[in-house]
Amino acid sequence: MNEEQTLEASPLGSDTAYVNEYDASLLFPIARQLNWQTRGIERGVLPIKGEDIWNGYEVSWLNTKGKPVVRVARFHIPASSQNIIESKSFKLYLNSFNLSRFETEQLVIDAMTRDLSTAAGAPVAVFLQHPDALEEIKPLEGVCIDELDIEVEHYAPDASLLKNTADQPVEETLYSHLLKSNCPVTGQPDWASIVVAYKGKPISREGLLQYVISYREHGDFHEQCVENIFMDIWERCEPEELSVYARYLRRGGLDINPFRSSHLESAPHNRRLGRQ
């Protein structure tokens, strides 16, 4: 199937019966290559490492006595995996545990690890935490560029806004809370904070902020937006090293946090922000 046919076949935007008995078949994988394929680009040759971190806040099952157990889940899906997992199908899958009995928590972890790894086409790491064991909310590290006084004219991605300002290399981390994109099927808004850490010629902060804002009416999956942003900065500004990390707000009890890097395999921290 091509990208359009795949999206039409996904649970997004369609009425769905909610299942509360364990069902791995609810997971709907989408090939990461599809979006790049429409542009004639082979994703495998792109200088992209990283992972997608999903946090699940609505995870529950029954013990053998029928008593509910509640946990907060963290899922690490490598960026090198063949597929992303469509978010509504992920939610439906997690809901299917609600009236399912498991003898131990480890059996739940084992089932999720097996099912998600099969859907993603690569090993997925699963962690469950008691709600009282969650880390404190922390702000992002680096320089926030949101208060720059800029003119904004573009609300569709425009890589020409990105440029260098000097030749002397720097190493810095910039971030913005102004990233917004839209679901490619339903058009619902997806809100995020984004961190750009790089080493190389200074990147225009004004241009970077204008570029981030230019995604405001763009429809795409979280993972693809971050890969597009990474590649646009990589090609336009030519840094020696680059990492892009987006922390999206949760929807349906799930938040998705894609991390893409030229040199790092995993995100530096699963840092939950105040609005997450």
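Data block above holds the structure.
What counts, and at which threshold
- Residues numbered from 1 in each chain as written.
- Predicted model: local features only at pLDDT ≥ 70, side-chain atom pairs only at ≥ 80, totals over all residues.
- Heavy atoms only, no water.
- Helix = DSSP H or I, 4+ residues; strand = E, 2+ residues; numbered from the N terminus.
- Polar contact = N/O pair within 3.5 Å; in protein donor to acceptor, adjacent residues only side chain to side chain.
- Contact = heavy atoms within 4.5 Å.
- Salt bridge = Lys/Arg side-chain N within 4 Å of Asp/Glu carboxyl O.
- Buried < 20%, exposed > 50% of the residue type's maximum accessible area, 1.4 Å probe, protein only.
- Pairing = 2+ DSSP bridges.

*Asks:* What exactly am I supposed to notice about the side chain of Ser-261 here?
*Replies:* Inspection of the secondary structure puts Ser-261 in strand E10 (residues 254–261). Side chain to side chain, Ser-261 and Ser-243 meet in a polar contact 2.9 Å long. Residue contacts for Ser-261: discarding those within four places in its chain leaves Pro-47, Ile-48, Lys-49, Phe-230, Leu-242 and Ser-243.

*Asks:* Mind showing me how you'd approach the pattern of salt bridges here?
*Replies:* It is possible for side chains bearing opposite charge to pair when their charged atoms get close. The final tally for this structure, using the stated rule, is 12 salt bridges. The residue Asp-52 makes a salt bridge to Arg-260 at a minimum N-O spacing of 2.9 Å. One end of the pair, Asp-52, is in strand E2 (residues 49–62); the other, Arg-260, is in strand E10, with 208 residues separating them in the sequence. Judged by its relative accessible area of 1%, Asp-52 falls in the buried class. On the basis of relative accessible area, Arg-260 is assigned to the buried category, the value being 0%. Its salt-bridge partner being Glu-172, residue Arg-205 comes within 2.8 Å of it at the nearest N-O pair. Of the two residues, Arg-205 is situated in helix H5 (residues 205–213) and Glu-172 in strand E7 (residues 170–182); the sequence distance between them amounts to 33 residues.

*Asks:* Help me understand the pairing of strand E3 (residues 68–78) in this model?
*Replies:* Side chains on a regular strand alternate between the two faces of the sheet. Here 10 bridges tie E2 to E3, and the two strands are oriented antiparallel to one another. Opposite Ile-53, over in E3, you have His-76 as the bridge partner. Connecting E2 to the next strand, E3, in antiparallel fashion are five residues, including Gly-66 with a positive phi near 85°. Where E3 meets strand E5 (residues 125–129), five bridges bridge the pair, whose relative direction is antiparallel. Its bridge partner being in E5, Ala-73 is matched across the sheet by Leu-128.

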